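Descriptive analysis of the structure
Now for the letters of each chain:
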Amino acid sequence: MFTSLRRQINLKDLFPTRWSFIIFISYMGLFINQGLLVTGSKTASHSYNYNTIVVVLLTEFVKLISALTIYRQTHSLTQMRRDITDNQTVLLLYFIPSALYCLYNNLAFINLSSYDPTTYFLLLQFRVVITGIIFQFLFNKRLTRLQWISLLMLTSGCIIKQFEHSNSSSLNKVSSKNSTLSHSDIELQSKPSSLVNIHLIWILVQVFCSCFAGVYNEYLLKSDRTTQVDVMLQNAFMYFDSILCNLILLIYFDYQQPNLSAIDKIAGTLKLITSGKENLIFLIILNNAAVGIVTSLFLKSMTSILKTFASALELLFTSILAWILFSIPVSIYTFLAIFIVSFAVYIYSLNPVVNQPKTISINNENNTTLNDNNYNHIAIDAEEINSKLGMEQGRRLIV
């Protein structure tokens, strides 16, 4: 294994051009910013002064405009209308992953209000475990012993970090209680809380949304109805569907401003942005919109080993910057969890579980479809399928 590692770690192979290195740095920077910006926009009560659903909605709108602008560089307006008319079925097919990613992106704000950025990104790595299990049982792909070991290591790393978070949350609650409590009362209340709580459940829901959206995207990948559609038009379909899903969420399921109309919520958020009172909102929107573009370039030009290094470095730098900016301590639990998770993801990436299509014959131009931040949604060639569905499932946010 380590011989294989030495063979793969060659700077000229990892970064064949100057742009490769710039894309790599941008990829990491945007994802690190994602957690830090959202954390920085929280109030002292761990809530937000703005409507987070509107922020996700505006992010999808910016991405839609960007995708259509790029598409129009090589296609006429008449051709665009014809392509949209001919591919209405593809537009409908993207509703399912769009709904899942809509939930994923909104849960990112909820979970970052409960977790620090390092813990949040660490727990999201659990998607690798879920992906492996999905392919083991749904697609009858047998995992090797090494793959099971890596998944168990990753799970243990997540448990270690969640155990620390549960303990610290319990102790914080005790410290905020009346100081007249007896020593025995404090001792009783300071016992570690359960590892499974509502915050962890929301994280797991977010992970499942990412994984199942990735599996569905693999189905789209193998469908003849999508292979001939321009990549930017597919992106536009995804973003348009995401806008509709977020509007439904904003109108019927918004707990932040339930008494306001959707128009008032959007107008209020835009007023906060234009007035300069919440500058971080504008940065969050731009950052999350840029994630999709850079992720697309990253998946096209980087190797799977480099994607693994990116994941490990993101965890490391996020913990350091969170300590510098927000005084979030880097405990021994955090250090140990980062090491275990990073090593487990590396072992898994050497031979990721994937349900590859029997034949892949796709235009080089149309080789990646992504939603955001995310996130890493569809990879077309064999290596990208391995890295995407096997290791990088569903990252991109807020994408």
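Everything here concerns the structure above.
Summary of the structure given here. By convention here, each chain's residues receive numbers from 1 onward along its written sequence. Whole-chain, interface and lining totals are the exception, using all residues; otherwise, since this is a predicted model, local features are given only for residues with pLDDT of at least 70 and side-chain atom pairs are given and counted only at 80 or more. With hydrogens and water stripped out, all remaining heavy atoms of the structure feed into the side-chain values.

Stacked, edge-to-face and tilted are the three classes for Phe, Tyr and Trp ring pairs, Trp counted by its six-membered ring, which pair at centre distances within 6.5 Å; planes under 30 degrees apart are stacked, over 60 edge-to-face, the rest tilted. Enumeration over the complete set of coordinates arrives at seven aromatic pairs. Taking the centre distance of 5.1 Å and the plane angle of 65° together, the rings of Tyr27 and Phe31 count as edge-to-face. Of this pair, Tyr27 and Phe31 both sit in helix α3 (residues 18–40), four residues apart, which is roughly one turn of that helix. Of the two residues, Tyr27 and Phe31, neither departs from the other in class, the shared state being buried. Secondary structure elements follow DSSP: runs of H or I no shorter than four residues count as helices, runs of E no shorter than two count as strands, and numbering proceeds from the N terminus. A 1.4 Å probe rolled over the protein chains alone gives each residue an accessible area, and that area as a share of the maximum for its type sets the label: buried under 20%, exposed over 50%, partly exposed in between.

Taken together, Leu316, Phe317, Ile320, Leu321, Trp323, Ile324, Leu325 and Val330 make up a surface patch of nonpolar side chains, about 720 Å² in accessible area. When you line up the elements, Ile324 lands in helix α16 (residues 304–326). A residue is classified by how much of its surface remains accessible, and Ile324, at 54% relative accessible area, is exposed. Only residues whose relative accessible area exceeds 30% and that form no salt bridge are eligible for patches; like-charged ones are grouped when within 9 Å, while nonpolar side chains (Val, Leu, Ile, Met, Phe, Trp, Tyr) are grouped when within 5 Å. Here the Shrake-Rupley method, with its probe set to 1.4 Å, supplies the accessible areas, and only the displayed protein chains count as covering residues. Put simply, a salt bridge is a Lys or Arg side-chain nitrogen that is within 4 Å of an Asp or Glu carboxyl oxygen.

Turning our eyes to something else, we now look at the packing of helix α4 (residues 52–72) against helix α5 (residues 77–86). Comment: axis = line fitted to C-alpha atoms, over the contacting stretch for helices; angle = value between 0 and 180 degrees taken between N-to-C directions. In the contact formed by α4 and α5, the axes pass within 10 Å of each other and the chain directions differ by 120°. Between α4 and α5, the angle is such that the two are oblique. Note on element contacts: α5 touches α4 through Leu77, Gln79, Met80 and Asp83, opposite Leu68, Tyr71 and Arg72. Put simply, angles under 35 degrees are roughly parallel, angles over 145 are roughly antiparallel, angles from 65 to 115 are roughly perpendicular, and the rest are oblique. Whether two residues touch is decided by their heavy atoms; if any such pair falls within 4.5 Å, the residues are in contact.

Next up on the list: the side chain of Thr318. Mapped onto the secondary structure, Thr318 falls in helix α16. Exposure remark for Thr318: the relative accessible area of 1% places this residue in the buried category. A polar side-chain atom of Thr318 sits 2.6 Å from the main-chain carbonyl oxygen of Glu314. In this structure Thr318 touches Ile32, Leu36, Pro117, Thr118 and Phe121, once residues within four positions along its chain are discounted. Identification of polar contacts relies on pairs of N or O atoms within 3.5 Å, with a donor-acceptor requirement for protein atoms, meaning one able to donate a hydrogen and the other able to accept it, and with residues adjacent in sequence counted only if both atoms are side-chain atoms.

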